[in-house]
Amino acid sequence: AFVCSLAVSSAVYVLRPIELAYRSIDRNRAILVAAGLAAPGESLSDREIVERFLALEPRLVDLDTDALTTADAVQIGAYDYRAVFDDPGRCRPIEGALDVAGLGRRPQLMPVYVRHPGAGGASDEIERVVVPVCGSGMWSRLHGFVGLGADLATIEAVAFDEQGETPGLGDRIQDPAWTATWAGAPRYAEDGWLGFRSRGVRGDTGVHGKVDAISGATITTAA
């Protein structure tokens, strides 16, 4: 009985990351797109998504200290930062001028996903880092992922997996043709502050690091 229980417990622990990966297929698909491991709109089976997702190294970042935690993949997989947003007791307030996303608060811990060079991913070098992004839209809280290049300053890809915006307008945030315009945009302006922005003037190609706004509706565009 002891040997059998030990075997079952070991199997549960080993298979836990795979189980958690299957629970969040849509989210993991977006992470793969941001990581450059899947093309936008690519048809992948659940198994393929899980297999590719396991090539990434998940980590947790403590936003209070900027330190990477020592949590293992199972703990990170079980951590749902989106649920934390709904629990003020587990969040930190965002001071006025810093709250550009209109969230009001943020979790202390946030996940990041590291892609290493090579198929096995067993390397100290970093090829891409995927970070979650979120903000208040017109009708909903938007969630997605941004893939940063090895320099951590260039946006390589973006994918949004959760939104409740107006059909035909705000929901175009998931349009691959629009998200493709993010590629190559710098995170920072020359003064060192965040430089990536959406612009309201279509075709204004003279402003580097900006993408066309989703629509011409003032409120939707601003959100």
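For the structure itself, look to the data block above.
Keep in mind the model is a prediction, meaning the values are calculated, not measured.

> Just give me the short version of the packing of helix α2 (residues 25–35) against helix α3 (residues 46–53), but keep the residues and values in it.
Where α2 meets α3, the axes come as close as 10 Å, and the angle between the chain directions of the two elements is 55°. In terms of their interaxial angle, α2 and α3 are classed as oblique. Both α2 and α3 take part in a crossing whose hand is left-handed. In this structure, α2 contributes I25, N28, R29, I31 and L32 to the contact, and α3 contributes D46, I49, V50, R52 and F53. By residue class, the composition of the contact of α2 with α3 is 6 nonpolar, 1 polar and 3 charged.

> Break down the side chain of D99 for me, with residues and values.
Following the sequence through the fold, D99 ends up in the loop between β3 (91–93) and β4 (105–107). An unpaired buried charge is present at D99: no salt bridge exists, and R105, the closest side chain of opposite charge, is 9.4 Å distant. In contact with D99, other than residues within four places in its own chain, are I94 and G104.

> Explain the sheet that holds strand β5 (residues 109–115) to me, and be specific about the residues and the numbers.
The strands making up a sheet associate through backbone hydrogen bonding, with each pair oriented either parallel or antiparallel. On the basis of which strands lie adjacent, the open sheet formed by 6 strands has the order β2-β1-β5-β6-β7-β8 and antiparallel pairing. The open sheet has two edge strands with one neighbour each: β2 (67–68) and β8 (155–162). In this sheet, β2 lies alongside strand β1 (residues 57–62) in antiparallel orientation, the contact comprising 2 bridges. Bridge pairing in β2 links D62 to A67. Seen against the sheet, α2 touches β5, β6 (128–136), β7 (141–149) and β8 and runs at an angle of roughly 170° to β8.

> Can you tell me about the environment of G184, naming the residues and giving the values?
Within the element layout of this structure, G184 appears in the loop between α6 (176–179) and β9 (197–199). The partly exposed category is assigned to G184, whose relative accessible area is 39%. The spatial distance from the C-alpha of G184 to the C-alpha of E156 is 5.6 Å, given a sequence separation of 28 residues.

> For the pairing of β6, give the residues involved together with the corresponding values.
The pairing of β5 with β6 spans 3 bridges and is antiparallel. Considered in β6, the bridge of R115 is made with R128. Judged from the 9 bridges that link them, β6 and β7 form a sheet pairing that is antiparallel. Along β7, the bridge assignment pairs V129 with L148. The hairpin formed by β6 and β7 contains 4 residues between the paired strands.

Criteria and thresholds
- Residues numbered from 1 in each chain as written.
- Predicted model: local features only at pLDDT ≥ 70, side-chain atom pairs only at ≥ 80, totals over all residues.
- Heavy atoms only, no water.
- Axes fitted to C-alpha atoms, helices over the stretch in contact; angles between N-to-C directions.
- Helix = DSSP H or I, 4+ residues; strand = E, 2+ residues; numbered from the N terminus.
- Parallel < 35°, antiparallel > 145°, perpendicular 65-115°, else oblique.
- Left-handed = near helix turned anticlockwise from the far one by under 90°.
- Contact = heavy atoms within 4.5 Å.
- Nonpolar A, V, L, I, M, F, W, Y, C, P; charged D, E, K, R; others polar.
- Buried < 20%, exposed > 50% of the residue type's maximum accessible area, 1.4 Å probe, protein only.
- Lys, Arg positive; Asp, Glu negative; His and termini not counted.
- Salt bridge = Lys/Arg side-chain N within 4 Å of Asp/Glu carboxyl O.
- Pairing = 2+ DSSP bridges.

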